[in-house]
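Single-letter residue listing:
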Amino acid sequence: MEPIYLTIALDTPLDRLFDYRWLPADGCPVPEIGQIALVPFGRQEIAGLIVGLSHQTEIPADKIKTVLAVRHQCPALSPQWIDLCRFAADYYQRPLGEVAIPALPKNLRVPKATSLDRNLKKLAKLQLAHEHDATPNQEPTLNAEQQAAVETIASTTGFASYLLYGVTGSGKTEVYLQTAARVLATNSQAQILILVPEINLTPQLEGNIRQRFSGIQIATLHSGMAEGERLLHWLAAHTGQARIILGTRLAILSSLPHLKMIVIDEEHDPSYKQQEGLRYSARDLAVWRAHQLGIPVVLGSATPSLETWQHAKAGRYRKLELRQRAVQSAVLPVVKIVNTEREKPSEGLTQRLVTAIRLRLEKGEQSLLFLNRRGYAPVIHCDACGWISNCTRCTAHLVMHKLDKKLRCHHCSFEQRIPRACPTCGNVDLQPLGRGTQRLEEGLKVLFPDARVFRIDADSTRLKGSAEAAFDTVHRGEVDILIGTQMVAKGHDFKNLTLVAALNPDSALFSQDFRASERLFAQLMQVAGRAGRAGQREGGNPSEVLIQTRYPDHPLYHALMAHEYPRFADDLLEERQQAAMPPFIYQALLRAEARELETAIAFLQTASQCEPVHAHAGITMNDPIPMTMVRVHNVERAQLLVESNSRPALQAFLKNWIAELRSMKVRVKWGVEIDPVDI
DNA sequence: AGCACGCCGACT
DNA sequence: GTCGGCGTGCTC
């Protein structure tokens, strides 16, 4: 019998596939495309994805190696799934294996199959334990707009993108769930994928889904899961057993053989963009996947990304608007601006804010102070000689953390004890500059000695599970004043919260990053939404949102006050169009890093002038520039922005360009990012 | 990217 | 004498 050769995709930056010989053994079936194979690669043994079978190979016989094992226990990945990976690989300009392999659970990729076998047995038990009845438990009555949205989405045939646009409290989640129920009811195998920005911050949604659909299997997929558990849930999705899959961005690359609808909650959220390795946008891949399968995709947000907003305006996405607040008696919070030029804050708080907090304390209601800066003070300095606490490895300040008496760099792992005296002049009077959440907490405890002040940020919730415990404390009403970073902006509704204040949001207004104001608006809107949901008691006043700012006339704050996202978004889009910026043009970023900035810049300079640049039309090549934070961990970085008004033109150029750069063999680390969001 | 090989510098 | 720095070469 002539040998069979398998073409296998491996997780390596080498832009090619690898052929292996397969030898039949007793009782071993011939491998199939889509199965996982264990192969020798160099001196390692790694897992690969079988993407081709053949009776011949161009690889010389002395080079070819033999497959070690094929994971027959695991059903093959479908051609559609491989095509999804292939699309992502092409679009983001990476080899197929670098997309497909990391998308699989680690325990599927290890030499031993023990975890796989164990979890397959567990999965079989789960199969038996479920009723497989997708009928939802008691569904709340929808208002007319919600009902219309459900009808529209559920009656979709083929591909359609929907923007479900509605403020916090307008009942988007209920639309997702009742639409899901309808889709599940029409097809006894149908699977629904629901993506959320961060699953740990939205346990309420997971609880709701499990409660509503208690008869079917629900899988969750996110990066915080243990490997065994991750494999179990992935297999539940892959075998079609799980009917609803709730996950973070990584779930968009999971295998879902009967996928019939995709929901992306808070579609504008930056965490849908992977920021390391394969820098994909889960939202964009979701739309592609829906198109590939001919199914609806629902993008929900109160502050849609400008990309999505523009798609809706152009009619490519259908806009479904929820204008009413679905929660009975809930009204929009009143947004007020406090001018900090006129009214100077003390300890970060204006008198008006202090008064507002005091009023809440008297009424037994909660206040939330939003300050997006953790630590005690962002920097310390010496009055005598001007020394400031800089990180020696990064272009960044060392942040003062008073509780553990440390200066800490938030960009590398560096930390040191807070020096007793100035390292340059010996002055013992070092001063903290600015204010982080810890310092705010300290000040509030002095100002309101009888109030229960509580802080939620990455430092206070470092331990696994402690974030959830912290939120529970707030929910139980054991907190009067809550201080939080952006962590508190997502997911949680605080029933007794009637005051939200943003202490110092201005820095984003003048950021180098043109997307900063779009993000700030979304963030403020989201924090504001934490209040005034179920919290409105009969006849009570609406919740209050106070924005402390030096720029009270900024259009962003005016739009926020007027609850006018559409006009704000339209204005931003107008600006973007005038200035030829996304979403009206397409971008890619070539980043380079080296010991010396000059080396990185020189590489980018060469790259910006190499042959493919001249061979392609319709490409705008900008100048190489140092990154805003030039040095991180003793590495200096620079970037080169490439633009085009044609996506295919940009794609074609990048393909040739990257091939050329690869052949250059330089001593800098570089990489290309498509559709960058942090510039 | 890993991983090994290989050839020069300061430690027990 | 060896441990270990990172240059360079290879992966079916």
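What you see is a predicted model; the values in this text were computed from it and never measured. (Residues numbered from 1 in each chain as written. Chains lettered and ligands numbered in written order. Predicted model: local features only at pLDDT ≥ 70, side-chain atom pairs only at ≥ 80, totals over all residues. Heavy atoms only, no water.)

Student: Mind showing me how you'd approach the pairing of strand β10 (residues 244–247) here?
Tutor: Consecutive residues of a regular strand have side chains that alternate between opposite faces of the sheet. Burial along β10 is two-sided: the face carrying I244 and L246 and the face carrying I245 and G247 are both buried. As paired elements, strand β9 (residues 218–221) and β10 share 4 bridges and run parallel to each other. Residue pairing in the sheet places A219 in a bridge with I245 of β10. Following the backbone out of β9, through helix α8 (residues 227–238) and into the adjacent parallel β10, one traces a crossover that is right-handed. (Buried < 20%, exposed > 50% of the residue type's maximum accessible area, 1.4 Å probe, protein only. Helix = DSSP H or I, 4+ residues; strand = E, 2+ residues; numbered from the N terminus. Pairing = 2+ DSSP bridges. Right-handed = clockwise from strand over helix to strand, strands pointing away.)

Student: I tried to follow the packing of aromatic side chains on my own but got confused; where do I start?
Tutor: Geometry of an aromatic ring pair is reported as the spacing of the ring centres plus the angle between the planes. Scanning all chains against the criterion turns up 13 aromatic pairs. What links up through ring pairs into an aromatic cluster is the set Y165, W309, F521, Y565 and F568. (Phe/Tyr/Trp six-rings, centres within 6.5 Å; stacked < 30°, edge-to-face > 60°.)

Student: Would you explain the UniProt feature "binding site: Zn(2+) 1" (unreviewed entry) in chain A in this entry?
Tutor: Mapped onto the present numbering, the UniProt feature "binding site: Zn(2+) 1" (unreviewed entry) falls on C382, C385, C422 and C425. Maximum C-alpha separation among the annotated residues is 8.7 Å over a sequence range of 44 residues, consistent with a single clustered spot. Among the residues examined, C382 registers a relative accessible area of 0% and is labelled buried. Look past the residues within four positions of C382 in its chain and what remains in contact with it is W387, C422, C425, N427 and L430. Looking at where C385 falls in the secondary structure, it is placed in the loop between β16 (379–382) and β17 (399–401). With relative accessibility at 39%, the residue C385 sits in the partly exposed group. Those residues in contact with C385 that sit more than four places away from it in its chain are C422, T424 and C425. (UniProt positions renumbered as here; feature names shortened; annotations may be inferred. Contact = heavy atoms within 4.5 Å.)

Student: What is the right way to look at the protein's contact with DNA strand C in this model?
Tutor: Surrounding DNA strand C, one finds L14, R16, F18, D19, Y20, P40, F41, G42, I59, K63, I64 and K65. In DNA strand C, the atoms that sit within 4 Å of the protein are 48% sugar and phosphate, with bases accounting for the remainder. A distance of 3.2 Å separates a base nitrogen of DNA strand C from a polar atom in the side chain of R16. A distance of 3.1 Å is found between a phosphate oxygen of DNA strand C and a side-chain nitrogen or oxygen belonging to Y20. Counting only elements with at least two residues in the surface near DNA strand C, the list comes to β2 (18–22) and β3 (36–41). Here the surface near DNA strand C takes 3 residues from β2, the largest share from any one element. Split into classes, the residues belonging to the surface near DNA strand C amount to 7 nonpolar, 1 polar and 4 charged. (Near = heavy atom within 4 Å. Polar contact = N/O pair within 3.5 Å; in protein donor to acceptor, adjacent residues only side chain to side chain. Nonpolar A, V, L, I, M, F, W, Y, C, P; charged D, E, K, R; others polar.)

Student: Sorry, what's going on with the side chain of R439 here?
Tutor: Tracing the backbone through its elements, the reader meets R439 in helix α12 (residues 437–447). No salt bridge is formed by the buried R439, whose closest oppositely charged neighbour, E347, lies at an N-O distance of 5.3 Å. (Lys, Arg positive; Asp, Glu negative; His and termini not counted. Salt bridge = Lys/Arg side-chain N within 4 Å of Asp/Glu carboxyl O.)

Student: Hey, could you run me through the pairing of strand β21 (residues 453–456) in this one?
Tutor: With 4 bridges connecting them, β21 and strand β22 (residues 481–484) associate as parallel partners. What sits directly across from V453, in β22, is I481. Handedness of the β21-helix α13 (residues 466–475)-β22 crossover: right-handed.

Student: Please explain a positive patch on the surface as it appears in this structure.
Tutor: Residues R118, K121, K122 and K125 make up a contiguous surface patch of positive charge. Residue placement: K125 occurs in helix α4 (residues 114–129). The exposure class of K125 is exposed, given its relative accessible area of 63%. (Patch = residues over 30% accessible without salt bridge, like charges linked within 9 Å, V, L, I, M, F, W, Y side chains within 5 Å. Areas by Shrake-Rupley, 256 points an atom, 1.4 Å probe, with all protein chains shown as cover. Charge placed at Lys NZ, Arg CZ, Asp CG, Glu CD.)

Student: Please explain the UniProt feature "binding site: Zn(2+) 2" (unreviewed entry) in chain A as it appears in this structure.
Tutor: UniProt records the feature "binding site: Zn(2+) 2" (unreviewed entry) for C391, C394, C409 and C412 in the present numbering. Their sequence span is 22 residues, while the largest C-alpha to C-alpha distance among them is just 8.8 Å; these annotated residues converge on one region. Tracing the sequence through the fold places C391 in the loop between β16 and β17. Relative to the helices and strands, C394 is located in the loop between β16 and β17. Those residues in contact with C394 that sit more than four places away from it in its chain are C409, H411, C412, R631, V632 and H633.

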